[in-house]
Number of protein chains: 2
Amino acid sequence: MTATPTPRVTIKDVAARAGVSKGAVSLAFNRKPGLSEATRERIFRAARELGWAPSSTARTLAGSRVDVVGLAVCRPARLLGLEPFYMEFVSGVESVLVERSCSLLLRLVRGQDEEVRLLESWWRGRQIGGSILVDFRADDPRPAAAGRLGLPAVAVGHPSLTGGLTSVWTDDATAVTEAVRYLAALGHRRIARVGGAAALGHTSIRTAAFDEAVRALEPPARAWQTATDFSGDAGARATRSLLAAAPPERPTAIVYDNDIMAVAGLSVAAEMGLRVPADVSLLAWDDSQLCRLTHPTLSAMSHDVHGFGADVARTLFGVISGEGPGSHPVPTPVLTPRGSTAPPKA
Amino acid sequence: MTATPTPRVTIKDVAARAGVSKGAVSLAFNRKPGLSEATRERIFRAARELGWAPSSTARTLAGSRVDVVGLAVCRPARLLGLEPFYMEFVSGVESVLVERSCSLLLRLVRGQDEEVRLLESWWRGRQIGGSILVDFRADDPRPAAAGRLGLPAVAVGHPSLTGGLTSVWTDDATAVTEAVRYLAALGHRRIARVGGAAALGHTSIRTAAFDEAVRALEPPARAWQTATDFSGDAGARATRSLLAAAPPERPTAIVYDNDIMAVAGLSVAAEMGLRVPADVSLLAWDDSQLCRLTHPTLSAMSHDVHGFGADVARTLFGVISGEGPGSHPVPTPVLTPRGSTAPPKA
DNA sequence: AATAGAGACTTTACCGGTTCAGTAGGGGGT
DNA sequence: ACCCCCTACTGAACCGGTAAAGTCTCTATT
């Protein structure tokens with residue numbers, strides 16, 4: 001990409017116009033001491049008149065801050081497009097970045113190794129000042145890589161998964177437990193869960209919590225769990241196989257790990273001639289607008305994904321400015337009952 | 001954001017290890033003539049051994065290419081998250097950027113003025129080498145801004161909207177016409193369209209084409225059109241009001257401008273006790289996985305959004321490397337009939 | 001034998017900032 | 001009147017590359 005002969009205005013022009021050296025302009029724009037109020041004012045006026053803003057490229061090269069935050073996402077593109085989660089998360093992140101005139105460098109990667117290489121090259125090339133890490137797996141290589149590089153990073157995921165990195169997480173275990181208790185309280189004793197990708201850490205956490213929660217029920221209940229790839233198709237397949245059994249062997253309630261799968265489940269139930277919620281109750285996760293667009297509307301474990309993204313970004317700025325590792329829980333998803341859950345019909 | 005005392009390896013280290021000057025290293029890495037094959041090889045080996053890659057920041061500052069592409073999106077975050085379109089589009093763009101080791105700088109903005117300011121600051125600060133422009137409106141200020149700045153840009157939208165910029169577009173008019181003819185061929189004579197945001201250029205194009213297509217029908221048909229904000233809620237409201245009328249005044253087929261609204265419409269029909277497609281046919285746009293997850297499945301005007309994004313990115317590289325303005329149509333969306341369209345019941 | 005020209009590098013001057021060691025000028029203390 | 005210190009600012013080096021001009025060595029030409 002070649003440059004165009006646009007007459008660039010640089011710090012030198014501003015300095016000349018204000019009648020000072022470029023060092024002075026730099027001091028002014030970085031709010032550092034050593035300038036009189038009058039000079040400072042003059043410099044800002046000159047900059048305003050010329051429409052100048054410091055070049056972040058030059059700043060970066062000169063060794064100060066890097067005002068770009070990296071986000072590598074490793075999921076097949078088609079899935080990504082569908083999951084309302086990501087875009088909303090990104091918009092939350094953005095909302096905080098904008099306040100600090102930072103930008104988001106986004107990259108879709110195909111695997112964790114690629115992601116590690118990317119982070120390394122971003123960081124070593126000073127392209128980013130820090131990074132957000134999502135979708136943790138067991139034995140994730142990223143915390144070690146971040147540590148080795150000294151890359152400021154925030155991990156989105158439970159501390160048990162994020163290898164000592166500063167983490168921001170929702171308490172999935174508690175949420176799963178709440179979901180199970182809610183369904184049990186409605187009278188359900190045959191409860192299934194259509195989980196997300198088995199390789200993801202938070203899926204394991206939810207799986208364990210679900211088992212635990214069902215085991216704790218009194219009177220005892222029957223449980224089913226499957227893993228999927230989060231896609232609607234997988235959700236549909238899982239639902240079909242769950243609902244294919246005759247009534248005593250068929251769950252009366254199904255919990256899904258995202259809302260796409262729940263939507264798919266709803267349609268499978270309809271296709272099989274089962275009424276929701278009379279014959280089977282459905283409970284979605286990651287409540288997005290989608291859950292209110294179906295008929296019946298979907299009950300969901302909902303949380304504020306936008307706010308979540310914002311929290312993550314804020315936390316990252318903390319890490320960048322030197323805060324030690326920490327663990328930041330965000331509010332647990334709350335149960336939002338709608339039309340898809342009800343007591344099982346006798 | 002402060003730098004960490006990571007021992008950076010720079011071009012100097014590579015030069016020293018290969019026993020040449022840094023100029024030589026630069027020549028080698030930019031595949032420029034003037035080096036013997038042996039030296040070139042030695043340099044690459046040294047770089048590989050040290051794990052060095054040129055710093056894109058320094059490169060940018062030195063005045064050569066900027067390997068970042070900008071994309072500012074102006075839509076409310078909640079909507080964005082829902083529209084499968086964007087993430088899929090972005091993933092298509094990425095797929096081409098990755099091949100050329102470029103990155104995507106993404107920013108959500110709240111208005112066109114903000115976007116113009118952003119583009120200006122990105123470009124003047126040499127943060128981007130070019131930009132993708134989406135969501136054109138009437139009298140859009142962006143083509144003029146891009147022209148004034150000399151910013152290489154590709155406009156996603158019909159040439160009539162994009163003010164002389166190189167454009168990549170789908171032929172919405174033809175697609176709308178095809179949709180109308182298809183419904184008419186099924187026997188529908190009362191056809192409604194739930195359009196997108198009225199301010200967007202492609203919405204006007206579709207609106208005009210719809211009018212035109214309906215007028216051309218023989219025997220004559222009755223038509224309705226509304227504008228929305230693309231949200232599911234708006235789609236639901238529009239559908240409700242369309243279906244509230246008694247049969248002779250009620251459309252027997254509805255076309256939606258995206259799939260979210262079609263899903264919402266489907267649920268409204270169910271809620272009102274109308275059968276799809278027996279009582280009313282529904283046709284979605286921007287076919288995503290969502291359309292196959294409902295019951296009945298949604299017929300849709302589908303196109304390859306991922307490929308569209310890739311085309312846009314490729315075109316942008318063309319513009320960046322100096323190609324003059326051009327107009328690049330991509331394949332027209334094709335009708336994909338599924339379960340939500342059928343002849344109206346007598 | 002002198003000269004030109006090409007090939008293979010090296011040197012050097014930027015790019016647009018930051019940073020830090022100076023330095024000029026003014027006020028206070030003795 | 002002299003020294004010292006503080007404030008306010010300047011100048012130059014540097015960040016990690018690129019690019020244009022310069023140097024040196026060889027070979028081909030006249």
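Residues numbered from 1 in each chain as written. Chains lettered and ligands numbered in written order. Predicted model: local features only at pLDDT ≥ 70, side-chain atom pairs only at ≥ 80, totals over all residues. Heavy atoms only, no water.

Going by an unreviewed UniProt entry, chain A carries the name DNA-binding LacI/PurR family transcriptional regulator and comes from Streptomyces griseomycini.

A separate point is the interface of chain A and chain B. Tallying the contact residues gives 72 residues for chain A and 71 residues for chain B. Buried surface at the junction of chain A and chain B, both sides included, amounts to about 6100 Å², of which 58% is carbon and sulfur. The interface formed by chain A and chain B includes two salt bridges. The salt bridge partner of D233(A) is R292(B), with a shortest N-O separation of 3.9 Å. Applying the counting rule to chain A against chain B returns 17 residue pairs in polar contact (both at pLDDT 80 or more). With eight residues, helix 6 (residues 84-99) of chain A is the largest single contributor of residues to the side of chain A that touches chain B. (Contact = heavy atoms within 4.5 Å. Buried area = accessible area lost by both parts, 1.4 Å probe. Salt bridge = Lys/Arg side-chain N within 4 Å of Asp/Glu carboxyl O. Polar contact = N/O pair within 3.5 Å; in protein donor to acceptor, adjacent residues only side chain to side chain. Helix = DSSP H or I, 4+ residues; strand = E, 2+ residues; numbered from the N terminus.)

Near DNA strand D lie 26 residues; those nearest to it are S36(A), T39(A), I11(B), S26(B) and K32(B). Separating a base nitrogen of DNA strand D from a side-chain N or O atom of K22(B) is a distance of 2.6 Å. One nitrogen or oxygen atom from the side chain of N30(B) is found 3.1 Å from a phosphate oxygen belonging to DNA strand D. Counting only elements with at least two residues in the surface near DNA strand D, the list comes to helix 2 (22-29) and helix 4 (56-61) of chain B. Among the residues making up the surface near DNA strand D, the classes are represented as eleven nonpolar, eleven polar and four charged. (Near = heavy atom within 4 Å. Nonpolar A, V, L, I, M, F, W, Y, C, P; charged D, E, K, R; others polar.)

With that settled, consider the sheet that holds strand 8 (residues 253-256) of chain A. Residue and element names in this part refer to chain A. Read from one edge of the open sheet, six strands run 7-6-8-9-10-12, paired in mixed fashion. Here the strands that pair on one side only, and so sit at the sheet edges, are strand 7 (222-226) and strand 12 (334-336). Ignoring strand direction, the axes of neighbouring strands in this sheet form an average angle of 20 degrees. Contacting strand 6 (190-194), strand 8, strand 9 (281-285), strand 10 (299-302) and strand 12, helix 9 (residues 172-186) crosses the sheet at an angle of about 165 degrees to strand 9. (Pairing = 2+ DSSP bridges. Axes fitted to C-alpha atoms, helices over the stretch in contact; angles between N-to-C directions.)

It is worth spelling out the relation of the copies chain A and chain B at this point. When chain A is fitted onto chain B, the two copies agree to an RMSD of 0.1 Å after a turn of 180 degrees and an axial shift of 0.0 Å. Considering both components of the superposition, the chain copies are consistent with a two-fold axis. Taking C-alpha positions as the reference, the residue of chain A nearest the rotation axis is L105(A), at 2.5 Å. Mapped onto chain B, 99% of the interface residues of chain A are again interface residues, and the two copies thus contact each other with one and the same surface. (Least-squares fit on C-alpha atoms with pLDDT ≥ 70 in both.)

Moving on to the pairing of strand 6 (residues 190-194) of chain B. All names here are of chain B. Of all five residues that make up strand 6, four are buried, and the element is covered over most of its length. One ladder, built from five bridges, connects strand 6 with strand 7 (residues 222-226); its direction is parallel. Counted as the bridge partner of R190 is R222 from strand 7. Viewed along the sheet, the connection from strand 6 through helix 10 (residues 201-215) into strand 7 turns out right-handed. (Buried < 20%, exposed > 50% of the residue type's maximum accessible area, 1.4 Å probe, protein only. Right-handed = clockwise from strand over helix to strand, strands pointing away.)

As a further point, take the protein's contact with DNA strand C. Of all residues adjacent to DNA strand C, which total 25 residues, the nearest are I11(A), K22(A), S26(A), K32(A) and S36(B). Put simply, 64% of the atoms of DNA strand C that lie within 4 Å of the protein are in sugar or phosphate. Contact distances for DNA strand C include 3.5 Å between a base nitrogen and a backbone N or O atom of A58(A). Measuring from a phosphate oxygen of DNA strand C, one finds a side-chain N or O atom of R59(A) at 2.8 Å. Within the residue set of the surface near DNA strand C, elements represented by two or more residues are helix 2 (22-29) and helix 4 (56-61) of chain A. In terms of residues, the surface near DNA strand C owes the most to one element, helix 2 of chain A, which gives three residues. Residue classes in the surface near DNA strand C are distributed as eleven nonpolar, ten polar and four charged.

Residue and element names in this part refer to chain B. Its 13 residues place the ends of helix 12 (residues 259-271) 18 Å apart at the C-alpha level, agreeing with the 18 Å of an ideal helix rising 1.5 Å per residue. Residues of helix 12 that are buried include every one of D259, I260, M261, A262, V263, A264, G265, L266, S267, V268 and A269, and no others. Among the residues trailing helix 12, G273 stands out with phi positive, at a value near 80 degrees. (Expected span 1.5 Å × (residues − 1).)

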